[in-house]
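This is what each chain is made of:
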Amino acid sequence: MTEKEKMIAGKVYNSRDSELVAALNKSKSLCRQYNNLDFSNVAARKVIIDELLQEEHNDGYCVFTPPFWCDYGFNVKVGKNFYSNHNLVILDCAEVTFGDNVFVGPNCGFYTRLLYTSPSPRDRSVSRMP
């Protein structure tokens, strides 16, 4: 089982795995590009969101008002008529699904990452950011 498969299955995984680091870097780069676009450039924003989510998310209204950040993108699923206001953060180590007709207010976060609070698991460098 790969580290990505472990992560998606909710098992303990090594976030320093090269595949996960590459996916995280790609996602952060795409988020930065998206956040730096002129908001009126709808076509360019759609191209980036389509690549970031890596899935046919919907053909309806879909807006992530910048700034928007996520960890991987491939675990984010959105339905039709999705709108998020400024400062949405999604830590998508596990699947995050928004149904149809969803409005997310400003300064919201959805966090699926479990960070250990006791020292011993943290000392093993498992499930930690690089």
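Residues numbered from 1 in each chain as written. Predicted model: local features only at pLDDT ≥ 70, side-chain atom pairs only at ≥ 80, totals over all residues. Heavy atoms only, no water.

### Some remarks on the pairing of strand β5 (residues 88–91)
Only one face of β5 is buried: it carries Leu88 and Ile90, and the other face, with Val89 and Leu91, is open. Across 3 bridges, strand β2 (residues 68–70) lies against β5 in parallel orientation. The partner of tryptophan 69 across the bridge, within β5, is valine 89. Sheet topology places β5 next to strand β8 (residues 109–111); 3 bridges connect them, and they run parallel. Bridge pairing in β8 links valine 89 to glycine 109. (Buried < 20%, exposed > 50% of the residue type's maximum accessible area, 1.4 Å probe, protein only. Helix = DSSP H or I, 4+ residues; strand = E, 2+ residues; numbered from the N terminus. Pairing = 2+ DSSP bridges.)

### Things to note about the side chain of serine 84
Position of serine 84 relative to the elements: it lies in strand β4 (residues 82–84). When near neighbours in sequence (up to four residues on either side) are disregarded, serine 84 contacts Val63, Phe64, Thr65 and Val104. (Contact = heavy atoms within 4.5 Å.)

### A look at the nonpolar core
Phe64, Phe68, Phe82, Ile90 and Phe98 are the most contacted members of the largest nonpolar core, which has 19 residues in total. Every element with two or more residues in this core is listed here: α2 (18–36), α3 (42–53), β2, β3 (76–78), β5, β6 (96–98) and β7 (102–104). Top element by residues in this core is α3. It accounts for 4 residues. (Core = buried A, V, L, I, M, F, W, Y, C linked by side-chain atoms within 4.5 Å.)

### Some words on the confidence of the model for the protein chain
Counting all residues, the mean pLDDT for the protein chain is 87, and 83% of those residues have values of 70 or more. Across the protein chain, element-level confidence peaks in β2 with a mean pLDDT of 98 and bottoms out in helix α4 (residues 119–123) with 56. (pLDDT = per-residue confidence, 0-100.)

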